[in-house]
Amino acid sequence: MMHMNYSGLGNDRLPDVLRLIRTLNVGPITFFNLMRRFGTAANALSALPDLSLRGGRRSPLVAYDREAALQEIETTQKFGARMVMYGEADYPPLLHTIPDPPPVITVLGNTHLWNKKDVVAMVGARNASANGCQFAMKLAKDLGENGLVVASGLARGIDTYAHKGSLASGTVAVIAGGIDNIYPPENEALYKFIREGGAIISEQPFGAIPFAGSFPGRNRIIAGMSLCVVVVEASLKSGSLITAKFALENNREVFAVPGSPMDPRSKGCNHLLKQGAVMVEAVSDIIQGVAHLRGAAMEETATPPYQSPQHIQEPTDDELNEARIRIIEKLSTMAVGVDELIEQCQTSASVTLTILLELELAGRLKRSAGNKVYLLMRDEVRDAVNA
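Residues numbered from 1 in each chain as written. Predicted model: local features only at pLDDT ≥ 70, side-chain atom pairs only at ≥ 80, totals over all residues. Heavy atoms only, no water.

1. With respect to the overall build of the protein chain
In step 1: In terms of helices and strands, the protein chain carries 16 helices and 12 strands.
In step 2: A total of 387 residues make up the protein chain; the buried ones form 54% of that total.
In step 3: Here the contacts in the protein chain between residues at least 6 apart in sequence split such that 72% fall between residues at least 24 apart.
In step 4: Carbon and sulfur atoms form 52% of the exposed surface of the protein chain, whose accessible area is close to 17,300 Å². (Helix = DSSP H or I, 4+ residues; strand = E, 2+ residues; numbered from the N terminus. Buried < 20%, exposed > 50% of the residue type's maximum accessible area, 1.4 Å probe, protein only. Contact = heavy atoms within 4.5 Å. Areas by Shrake-Rupley, 256 points an atom, 1.4 Å probe, with all protein chains shown as cover.)

2. With respect to helix α13 (residues 317-330)
In step 1: Between its first and last C-alpha, α13 extends 20 Å over 14 residues, near the 20 Å set by a 1.5 Å rise per residue.
In step 2: In α13, a bend of some 30 degrees at arginine 324 exceeds every other bend along the element.
In step 3: Every buried residue belonging to α13 is among Leu320, Ala323, Arg324 and Ile327, and all of these are buried.
In step 4: Those residues of α13 hidden inside the fold are in contact with α3 (41-54), α14 (338-345) and α15 (349-361). (Expected span 1.5 Å × (residues − 1). Bend = angle between axes of the 7 residues up to and from the residue.)

3. Examining the packing of helix α2 (residues 28-38) against α3
In step 1: The geometry of α2 relative to α3 is characterised by a closest axis approach of 9 Å and an angle of 105 degrees between their N-to-C directions. Judged by the inter-axis angle, α2 sits roughly perpendicular to α3. Facing α2, whose interface residues are Leu34, Met35, Arg37 and Phe38, α3 presents Ala41, Asn43, Ala44, Ala47, Leu48, Leu51 and Arg54.
In step 2: Broken down by class, the residue content of the contact of α2 with α3 amounts to 8 nonpolar, 1 polar and 2 charged. (Axes fitted to C-alpha atoms, helices over the stretch in contact; angles between N-to-C directions. Parallel < 35°, antiparallel > 145°, perpendicular 65-115°, else oblique. Nonpolar A, V, L, I, M, F, W, Y, C, P; charged D, E, K, R; others polar.)

4. Brief notes about the side chain of serine 202
In step 1: Of note, serine 202 is situated in strand β6 (residues 199-202).
In step 2: Serine 202 gets classed as buried once you look at its relative accessible area, which sits at 1%.
In step 3: Within the structure, serine 202 has its side chain in polar contact with the backbone oxygen of glycine 177 (distance 2.6 Å).
In step 4: When neighbours within four sequence positions are excluded, serine 202 is seen to be in contact with Ile105, Thr106, Ile175, Gly177, Gly178 and Ile179. (Polar contact = N/O pair within 3.5 Å; in protein donor to acceptor, adjacent residues only side chain to side chain.)

5. What to know about helix α11 (residues 264-274)
In step 1: All of the buried residues in α11 are Ser266, Gly268, Cys269, Asn270 and Leu272.
In step 2: Looking at the buried side of α11, the elements it contacts are β7 (228-231), α10 (239-249) and β8 (253-256).
In step 3: Sitting at the head of α11, aspartate 263 places a side-chain oxygen 2.9 Å from the backbone nitrogen of arginine 265.
In step 4: Positioned one or two residues after α11, glycine 276 has a phi angle of 110 degrees, which is positive.

6. Some remarks on the confidence of the model for the protein chain
In step 1: Looking at the protein chain as a whole, its pLDDT mean stands at 89, while 90% of the residues score no less than 70.
In step 2: With pLDDT under 50 throughout, residues 1-6 is counted as low confidence; its partners more than four residues away or in other chains account for 22 contacts.
In step 3: Contacts of residues 298-304 to residues separated by more than four positions or lying in other chains number 6 contacts, the stretch itself having pLDDT below 50. (pLDDT = per-residue confidence, 0-100.)

7. Remarks on the environment of phenylalanine 135
In step 1: Within the secondary structure, phenylalanine 135 sits in helix α6 (residues 130-145).
In step 2: When sequence neighbours within four positions are dropped, the list of residues in contact with phenylalanine 135 reads Val232, Val257 and Glu281.

Below you can see the structure in the form of C-alpha coordinates.
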(Lines give C-alpha, C1' and ligand atoms only; values in the text may rest on other atoms or scores of the structure.)
Protein backbone atom coordinates (compact mmCIF):
# COMPACT_ATOMS: atom_id res chain seq x y z
CA MET A 1 0.00 0.00 0.00
CA MET A 2 1.38 3.42 -0.94
CA HIS A 3 1.63 6.18 1.64
CA MET A 4 1.46 9.79 0.54
CA ASN A 5 1.51 12.92 2.66
CA TYR A 6 -1.01 15.59 1.77
CA SER A 7 -1.48 19.00 3.27
CA GLY A 8 -4.97 19.24 4.65
CA LEU A 9 -7.20 22.13 5.56
CA GLY A 10 -4.83 23.62 8.11
CA ASN A 11 -6.42 24.46 11.43
CA ASP A 12 -9.88 24.82 9.94
CA ARG A 13 -12.72 23.53 12.01
CA LEU A 14 -15.21 21.09 10.57
CA PRO A 15 -18.27 23.36 11.08
CA ASP A 16 -16.69 26.14 8.98
CA VAL A 17 -15.56 23.74 6.26
CA LEU A 18 -19.00 22.13 6.16
CA ARG A 19 -20.75 25.49 5.98
CA LEU A 20 -18.59 26.56 3.06
CA ILE A 21 -19.07 23.43 0.94
CA ARG A 22 -22.81 23.36 1.72
CA THR A 23 -23.29 26.97 0.56
CA LEU A 24 -25.20 27.60 -2.68
CA ASN A 25 -22.95 27.84 -5.77
CA VAL A 26 -19.91 26.46 -3.91
CA GLY A 27 -18.68 23.17 -5.37
CA PRO A 28 -15.37 21.42 -4.62
CA ILE A 29 -13.29 23.43 -7.11
CA THR A 30 -14.77 26.73 -5.93
CA PHE A 31 -14.25 25.64 -2.33
CA PHE A 32 -10.52 25.17 -2.83
CA ASN A 33 -10.21 28.35 -4.90
CA LEU A 34 -11.73 30.21 -1.95
CA MET A 35 -9.39 28.44 0.45
CA ARG A 36 -6.36 29.43 -1.61
CA ARG A 37 -7.57 32.99 -1.80
CA PHE A 38 -8.64 33.54 1.82
CA GLY A 39 -6.62 31.00 3.76
CA THR A 40 -9.39 29.62 5.98
CA ALA A 41 -13.01 28.58 5.57
CA ALA A 42 -14.01 31.20 8.16
CA ASN A 43 -12.40 33.99 6.12
CA ALA A 44 -14.00 32.68 2.92
CA LEU A 45 -17.44 32.61 4.53
CA SER A 46 -17.06 36.27 5.49
CA ALA A 47 -16.09 37.19 1.94
CA LEU A 48 -18.97 35.41 0.18
CA PRO A 49 -21.57 38.23 0.28
CA ASP A 50 -19.26 40.85 -1.24
CA LEU A 51 -17.86 38.50 -3.87
CA SER A 52 -21.33 37.45 -5.01
CA LEU A 53 -22.54 41.06 -5.28
CA ARG A 54 -19.50 42.00 -7.37
CA GLY A 55 -20.37 39.06 -9.62
CA GLY A 56 -23.82 40.51 -10.33
CA ARG A 57 -26.06 38.88 -7.76
CA ARG A 58 -29.06 41.02 -6.76
CA SER A 59 -28.86 40.10 -3.09
CA PRO A 60 -25.79 38.95 -1.11
CA LEU A 61 -25.10 35.22 -1.10
CA VAL A 62 -25.95 33.86 2.34
CA ALA A 63 -23.63 31.20 3.73
CA TYR A 64 -25.02 27.89 4.92
CA ASP A 65 -26.46 28.21 8.40
CA ARG A 66 -24.04 27.45 11.25
CA GLU A 67 -26.69 25.76 13.39
CA ALA A 68 -27.68 23.55 10.47
CA ALA A 69 -24.04 22.52 10.01
CA LEU A 70 -23.66 21.72 13.73
CA GLN A 71 -26.90 19.74 13.60
CA GLU A 72 -25.69 17.72 10.62
CA ILE A 73 -22.45 16.88 12.41
CA GLU A 74 -24.33 15.80 15.54
CA THR A 75 -26.89 13.75 13.57
CA THR A 76 -24.09 12.05 11.62
CA GLN A 77 -22.28 11.11 14.82
CA LYS A 78 -25.45 9.76 16.42
CA PHE A 79 -25.99 7.61 13.35
CA GLY A 80 -22.58 6.06 13.94
CA ALA A 81 -20.77 7.75 11.05
CA ARG A 82 -18.12 10.45 11.03
CA MET A 83 -17.07 13.27 8.76
CA VAL A 84 -13.53 13.19 7.39
CA MET A 85 -11.95 16.34 5.94
CA TYR A 86 -9.58 16.49 2.99
CA GLY A 87 -6.05 15.87 4.25
CA GLU A 88 -7.00 13.93 7.38
CA ALA A 89 -5.44 10.51 7.98
CA ASP A 90 -8.66 8.63 7.22
CA TYR A 91 -9.31 10.41 3.91
CA PRO A 92 -8.73 7.97 0.99
CA PRO A 93 -5.13 8.69 -0.15
CA LEU A 94 -5.68 8.62 -3.92
CA LEU A 95 -8.79 10.81 -3.64
CA HIS A 96 -6.49 13.73 -2.82
CA THR A 97 -5.07 13.64 -6.33
CA ILE A 98 -8.21 14.33 -8.40
CA PRO A 99 -9.01 17.87 -9.62
CA ASP A 100 -12.20 18.18 -7.54
CA PRO A 101 -11.85 16.15 -4.31
CA PRO A 102 -14.73 16.45 -1.85
CA PRO A 103 -13.63 18.74 1.02
CA VAL A 104 -15.63 16.55 3.41
CA ILE A 105 -16.81 12.96 3.12
CA THR A 106 -19.06 11.10 5.53
CA VAL A 107 -17.88 7.58 6.32
CA LEU A 108 -19.81 4.78 7.95
CA GLY A 109 -17.87 1.67 8.94
CA ASN A 110 -14.15 1.01 8.74
CA THR A 111 -12.42 4.28 7.90
CA HIS A 112 -9.01 2.59 7.88
CA LEU A 113 -9.88 0.13 5.09
CA TRP A 114 -8.24 2.08 2.25
CA ASN A 115 -5.17 2.88 4.33
CA LYS A 116 -4.34 -0.82 4.70
CA LYS A 117 -5.02 -2.13 1.19
CA ASP A 118 -5.09 -0.95 -2.41
CA VAL A 119 -8.55 -0.17 -3.80
CA VAL A 120 -9.90 -1.41 -7.13
CA ALA A 121 -13.20 -0.07 -8.49
CA MET A 122 -15.69 -2.41 -10.13
CA VAL A 123 -18.76 -1.06 -11.92
CA GLY A 124 -21.25 -2.14 -14.55
CA ALA A 125 -24.79 -2.28 -15.84
CA ARG A 126 -27.81 -2.07 -13.56
CA ASN A 127 -29.72 -4.45 -15.85
CA ALA A 128 -26.79 -6.85 -16.00
CA SER A 129 -27.10 -10.41 -17.28
CA ALA A 130 -27.03 -13.38 -14.89
CA ASN A 131 -23.64 -14.42 -16.24
CA GLY A 132 -22.30 -10.88 -15.87
CA CYS A 133 -23.41 -10.73 -12.23
CA GLN A 134 -21.85 -14.09 -11.43
CA PHE A 135 -18.59 -13.14 -13.12
CA ALA A 136 -18.49 -9.83 -11.22
CA MET A 137 -19.05 -11.62 -7.91
CA LYS A 138 -16.29 -14.16 -8.60
CA LEU A 139 -13.90 -11.47 -9.78
CA ALA A 140 -14.56 -9.39 -6.64
CA LYS A 141 -14.07 -12.42 -4.41
CA ASP A 142 -10.78 -13.24 -6.12
CA LEU A 143 -9.61 -9.62 -5.82
CA GLY A 144 -10.37 -9.67 -2.10
CA GLU A 145 -8.48 -12.91 -1.64
CA ASN A 146 -5.51 -11.26 -3.32
CA GLY A 147 -5.46 -8.48 -0.73
CA LEU A 148 -7.42 -5.81 -2.60
CA VAL A 149 -10.45 -3.77 -1.54
CA VAL A 150 -13.31 -3.53 -4.06
CA ALA A 151 -15.15 -0.20 -4.36
CA SER A 152 -18.46 0.22 -6.16
CA GLY A 153 -21.67 2.24 -6.10
CA LEU A 154 -24.24 -0.03 -4.36
CA ALA A 155 -26.44 0.13 -7.48
CA ARG A 156 -28.48 -2.74 -8.87
CA GLY A 157 -26.77 -5.29 -11.08
CA ILE A 158 -22.97 -5.45 -11.30
CA ASP A 159 -22.37 -3.12 -8.33
CA THR A 160 -24.47 -5.29 -6.06
CA TYR A 161 -22.62 -8.48 -7.00
CA ALA A 162 -19.22 -6.78 -6.77
CA HIS A 163 -20.05 -5.88 -3.16
CA LYS A 164 -21.42 -9.34 -2.41
CA GLY A 165 -18.31 -11.03 -3.74
CA SER A 166 -15.97 -8.86 -1.64
CA LEU A 167 -17.92 -8.70 1.63
CA ALA A 168 -15.59 -11.11 3.39
CA SER A 169 -12.45 -9.16 2.44
CA GLY A 170 -13.84 -5.66 2.88
CA THR A 171 -15.73 -3.57 0.34
CA VAL A 172 -16.44 0.14 -0.07
CA ALA A 173 -19.80 1.47 -1.24
CA VAL A 174 -19.87 5.07 -2.47
CA ILE A 175 -23.47 6.28 -2.51
CA ALA A 176 -25.22 9.19 -4.24
CA GLY A 177 -27.52 10.17 -1.37
CA GLY A 178 -26.96 10.93 2.28
CA ILE A 179 -25.08 8.37 4.35
CA ASP A 180 -28.39 7.20 5.82
CA ASN A 181 -30.20 6.88 2.49
CA ILE A 182 -30.28 3.28 1.26
CA TYR A 183 -30.74 3.26 -2.51
CA PRO A 184 -31.96 1.11 -4.08
CA PRO A 185 -34.16 -0.01 -1.15
CA GLU A 186 -33.69 -3.70 -1.96
CA ASN A 187 -30.04 -3.38 -0.98
CA GLU A 188 -30.87 -2.64 2.65
CA ALA A 189 -29.47 -5.96 3.89
CA LEU A 190 -26.32 -5.50 1.77
CA TYR A 191 -25.92 -1.96 3.14
CA LYS A 192 -26.00 -3.32 6.69
CA PHE A 193 -23.42 -6.02 5.89
CA ILE A 194 -21.11 -3.42 4.34
CA ARG A 195 -21.60 -1.14 7.32
CA GLU A 196 -20.37 -3.91 9.62
CA GLY A 197 -17.43 -5.25 7.62
CA GLY A 198 -16.56 -2.57 5.07
CA ALA A 199 -17.25 1.12 4.62
CA ILE A 200 -19.88 3.40 3.10
CA ILE A 201 -18.95 6.86 1.77
CA SER A 202 -21.06 9.88 0.83
CA GLU A 203 -20.34 13.54 0.13
CA GLN A 204 -24.03 14.47 0.29
CA PRO A 205 -25.74 15.97 3.37
CA PHE A 206 -27.26 13.61 5.91
CA GLY A 207 -30.78 12.67 4.80
CA ALA A 208 -30.23 13.76 1.18
CA ILE A 209 -32.17 11.88 -1.48
CA PRO A 210 -30.14 10.88 -4.58
CA PHE A 211 -30.70 13.17 -7.57
CA ALA A 212 -29.51 13.04 -11.17
CA GLY A 213 -26.50 15.28 -10.60
CA SER A 214 -25.27 13.37 -7.56
CA PHE A 215 -24.51 10.15 -9.48
CA PRO A 216 -21.64 11.54 -11.60
CA GLY A 217 -20.25 13.03 -8.38
CA ARG A 218 -20.39 9.60 -6.78
CA ASN A 219 -18.69 8.08 -9.84
CA ARG A 220 -15.76 10.51 -9.63
CA ILE A 221 -15.17 9.43 -6.01
CA ILE A 222 -15.26 5.73 -6.95
CA ALA A 223 -12.70 6.33 -9.72
CA GLY A 224 -10.67 8.82 -7.71
CA MET A 225 -10.06 6.62 -4.67
CA SER A 226 -9.09 3.57 -6.76
CA LEU A 227 -5.91 2.45 -8.51
CA CYS A 228 -7.97 1.30 -11.48
CA VAL A 229 -11.54 0.77 -12.68
CA VAL A 230 -12.91 -2.58 -13.88
CA VAL A 231 -16.04 -2.44 -16.06
CA VAL A 232 -17.89 -5.75 -16.32
CA GLU A 233 -20.98 -4.95 -18.42
CA ALA A 234 -22.09 -1.58 -19.75
CA SER A 235 -24.17 -0.13 -22.55
CA LEU A 236 -22.81 2.78 -24.57
CA LYS A 237 -24.88 5.20 -22.44
CA SER A 238 -24.07 3.56 -19.12
CA GLY A 239 -22.98 5.61 -16.11
CA SER A 240 -20.14 3.10 -15.83
CA LEU A 241 -18.52 4.75 -18.84
CA ILE A 242 -18.62 8.03 -16.93
CA THR A 243 -16.69 6.32 -14.14
CA ALA A 244 -14.21 5.01 -16.71
CA LYS A 245 -13.88 8.51 -18.18
CA PHE A 246 -13.09 9.93 -14.73
CA ALA A 247 -10.49 7.20 -14.29
CA LEU A 248 -8.75 8.04 -17.56
CA GLU A 249 -8.81 11.78 -16.80
CA ASN A 250 -7.13 11.05 -13.47
CA ASN A 251 -4.44 8.81 -14.99
CA ARG A 252 -5.98 5.59 -13.71
CA GLU A 253 -6.01 2.33 -15.67
CA VAL A 254 -9.29 1.03 -17.10
CA PHE A 255 -10.01 -2.71 -17.40
CA ALA A 256 -12.98 -4.12 -19.29
CA VAL A 257 -14.61 -7.55 -19.63
CA PRO A 258 -15.38 -8.37 -23.28
CA GLY A 259 -18.85 -9.51 -24.28
CA SER A 260 -20.96 -10.59 -27.19
CA PRO A 261 -21.45 -7.91 -29.86
CA MET A 262 -25.07 -9.09 -29.98
CA ASP A 263 -25.71 -7.92 -26.40
CA PRO A 264 -26.23 -4.15 -25.94
CA ARG A 265 -24.91 -4.55 -22.37
CA SER A 266 -21.50 -5.42 -23.79
CA LYS A 267 -21.18 -2.55 -26.26
CA GLY A 268 -19.75 -0.18 -23.65
CA CYS A 269 -17.05 -2.64 -22.58
CA ASN A 270 -16.19 -3.54 -26.16
CA HIS A 271 -15.93 0.17 -26.95
CA LEU A 272 -13.52 0.66 -24.02
CA LEU A 273 -11.41 -2.22 -25.30
CA LYS A 274 -11.20 -0.60 -28.74
CA GLN A 275 -10.05 2.59 -27.01
CA GLY A 276 -7.20 0.77 -25.27
CA ALA A 277 -8.68 -0.63 -22.06
CA VAL A 278 -7.02 -3.77 -20.68
CA MET A 279 -9.04 -6.91 -21.40
CA VAL A 280 -10.08 -8.97 -18.36
CA GLU A 281 -10.76 -12.69 -18.61
CA ALA A 282 -9.56 -13.63 -15.13
CA VAL A 283 -8.45 -11.95 -11.92
CA SER A 284 -4.80 -12.47 -12.92
CA ASP A 285 -5.23 -9.83 -15.65
CA ILE A 286 -6.10 -7.26 -12.97
CA ILE A 287 -3.52 -8.42 -10.42
CA GLN A 288 -0.69 -7.99 -12.92
CA GLY A 289 -1.95 -4.53 -13.82
CA VAL A 290 -2.35 -3.45 -10.20
CA ALA A 291 1.22 -4.51 -9.37
CA HIS A 292 2.45 -2.27 -12.19
CA LEU A 293 0.23 0.64 -11.12
CA ARG A 294 1.30 0.37 -7.49
CA GLY A 295 4.96 0.40 -8.44
CA ALA A 296 4.54 3.42 -10.69
CA ALA A 297 2.58 5.29 -8.03
CA MET A 298 5.19 4.61 -5.35
CA GLU A 299 8.01 5.85 -7.61
CA GLU A 300 6.25 9.15 -8.27
CA THR A 301 6.37 12.09 -5.92
CA ALA A 302 2.70 12.85 -6.01
CA THR A 303 1.72 16.51 -5.75
CA PRO A 304 -1.79 17.14 -4.50
CA PRO A 305 -3.87 19.54 -6.61
CA TYR A 306 -4.39 21.77 -3.58
CA GLN A 307 -1.49 22.70 -1.34
CA SER A 308 -1.94 23.97 2.19
CA PRO A 309 -4.32 26.94 2.05
CA GLN A 310 -2.36 30.14 2.00
CA HIS A 311 -3.33 33.76 1.72
CA ILE A 312 -2.45 35.29 -1.64
CA GLN A 313 -2.29 38.98 -2.47
CA GLU A 314 -5.75 40.24 -3.28
CA PRO A 315 -6.12 42.10 -6.59
CA THR A 316 -7.00 45.78 -6.28
CA ASP A 317 -10.43 47.09 -7.26
CA ASP A 318 -8.88 48.97 -10.18
CA GLU A 319 -7.28 45.77 -11.52
CA LEU A 320 -10.55 43.88 -11.21
CA ASN A 321 -12.72 46.59 -12.75
CA GLU A 322 -10.36 46.94 -15.70
CA ALA A 323 -10.29 43.19 -16.38
CA ARG A 324 -13.90 42.29 -15.58
CA ILE A 325 -15.40 43.69 -18.80
CA ARG A 326 -12.77 42.00 -20.98
CA ILE A 327 -13.25 38.63 -19.31
CA ILE A 328 -17.06 38.71 -19.45
CA GLU A 329 -16.91 39.66 -23.15
CA LYS A 330 -14.80 36.57 -23.85
CA LEU A 331 -17.16 34.24 -22.00
CA SER A 332 -20.19 32.59 -23.58
CA THR A 333 -22.49 29.63 -23.07
CA MET A 334 -19.82 27.49 -24.75
CA ALA A 335 -17.12 26.20 -22.39
CA VAL A 336 -13.66 27.76 -22.67
CA GLY A 337 -10.45 26.81 -20.88
CA VAL A 338 -9.40 29.06 -18.01
CA ASP A 339 -5.80 29.14 -19.32
CA GLU A 340 -7.05 30.21 -22.75
CA LEU A 341 -9.11 32.95 -21.11
CA ILE A 342 -6.07 34.25 -19.21
CA GLU A 343 -3.98 34.29 -22.40
CA GLN A 344 -6.58 36.03 -24.56
CA CYS A 345 -7.53 38.61 -21.93
CA GLN A 346 -3.90 39.22 -20.97
CA THR A 347 -4.84 39.32 -17.32
CA SER A 348 -3.01 37.74 -14.40
CA ALA A 349 -4.16 34.39 -13.07
CA SER A 350 -5.15 35.91 -9.71
CA VAL A 351 -7.31 38.60 -11.35
CA THR A 352 -8.96 36.14 -13.76
CA LEU A 353 -9.65 33.54 -11.08
CA THR A 354 -11.11 36.19 -8.77
CA ILE A 355 -13.54 37.42 -11.42
CA LEU A 356 -14.56 33.86 -12.33
CA LEU A 357 -15.08 33.19 -8.63
CA GLU A 358 -17.33 36.26 -8.34
CA LEU A 359 -19.41 35.17 -11.34
CA GLU A 360 -19.73 31.63 -10.04
CA LEU A 361 -20.85 32.72 -6.57
CA ALA A 362 -23.38 35.01 -8.23
CA GLY A 363 -24.81 32.01 -10.07
CA ARG A 364 -23.82 33.29 -13.52
CA LEU A 365 -21.00 30.86 -14.34
CA LYS A 366 -20.50 27.09 -14.24
CA ARG A 367 -17.46 24.85 -14.47
CA SER A 368 -17.02 21.83 -16.72
CA ALA A 369 -14.41 19.13 -17.11
CA GLY A 370 -10.92 20.03 -18.21
CA ASN A 371 -10.69 23.30 -16.24
CA LYS A 372 -13.26 24.99 -18.48
CA VAL A 373 -15.96 27.53 -17.65
CA TYR A 374 -19.11 28.81 -19.35
CA LEU A 375 -21.90 31.32 -18.72
CA LEU A 376 -25.40 30.16 -17.91
CA MET A 377 -28.30 30.91 -20.23
CA ARG A 378 -30.13 34.18 -19.52
CA ASP A 379 -33.13 32.57 -17.81
CA GLU A 380 -30.87 30.45 -15.62
CA VAL A 381 -28.87 33.54 -14.63
CA ARG A 382 -32.05 35.49 -13.80
CA ASP A 383 -33.22 32.73 -11.48
CA ALA A 384 -29.79 32.49 -9.82
CA VAL A 385 -29.09 36.20 -9.25
CA ASN A 386 -32.59 36.75 -7.86
CA ALA A 387 -32.36 33.78 -5.49
